[in-house]
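The lines below spell out each chain.
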Amino acid sequence: MKKITIIAAGEHAEIMKTVLRLINNNPDWEGEIALSIEELGEKLSNNSYDLILLGAGIDEVRLRALLHDLRLEIPVVLHYGGGSGLLLSEIQQVIDRKLI
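Residues numbered from 1 in each chain as written. Predicted model: local features only at pLDDT ≥ 70, side-chain atom pairs only at ≥ 80, totals over all residues. Heavy atoms only, no water.

Draft legend 1. Expanded view of the packing of helix H2 (residues 37-46) against helix H3 (residues 60-69). For the pair H2 and H3, interaxial distance at closest approach is 11 Å and the crossing angle is 25 degrees. Looking at the two axes, H2 sits roughly parallel to H3. Where H2 crosses over H3, the handedness of that crossing is right-handed. Touching Ile-37, Glu-38, Leu-40, Gly-41 and Leu-44 of H2 are Arg-62, Leu-63, Leu-66 and Leu-67, all from H3. Across the contact of H2 with H3, the residue classes break down as six nonpolar, one polar and two charged. (Axes fitted to C-alpha atoms, helices over the stretch in contact; angles between N-to-C directions. Helix = DSSP H or I, 4+ residues; strand = E, 2+ residues; numbered from the N terminus. Parallel < 35°, antiparallel > 145°, perpendicular 65-115°, else oblique. Left-handed = near helix turned anticlockwise from the far one by under 90°. Contact = heavy atoms within 4.5 Å. Nonpolar A, V, L, I, M, F, W, Y, C, P; charged D, E, K, R; others polar.)

Draft legend 2. Here's a closer look at the pairing of strand S3 (residues 51-54). Residues of S3 alternate between two faces, with Leu-51 and Leu-53 on one and Ile-52 and Leu-54 on the opposite face, all of them buried. Here strand S1 (residues 4-9) runs beside S3; their pairing, made up of four bridges, is parallel. When the bridges of S3 are listed, Ala-9 appears paired with Leu-54. Where S3 and strand S4 (residues 76-78) come together, three bridges link them in parallel fashion. Pairing of Ile-52 across the sheet is with Val-76, part of S4. Handedness of the S3-H3-S4 crossover: right-handed. (Buried < 20%, exposed > 50% of the residue type's maximum accessible area, 1.4 Å probe, protein only. Pairing = 2+ DSSP bridges. Right-handed = clockwise from strand over helix to strand, strands pointing away.)

Structure below.
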């Protein structure tokens, strides 16, 4: 089975490092992080992802415009906190609904 690739975007470096660790703790997932909308755009232009995890500090409207401009249809999970269990559950719900 192919690993699900997830790009997590948020402006708080320490929080994003924790999010990345949580994502990569699942053997079926492979994560990366972006700390700005510009970095996210660069990574989306150069790599393929199955899911975007949107965290604090990244504007959803700008993200949606970026996806439109790049002609990408990638599910976006909004996550602004609430603990590791919630984070993992939010990602798993998208996977379970076969949006990926």
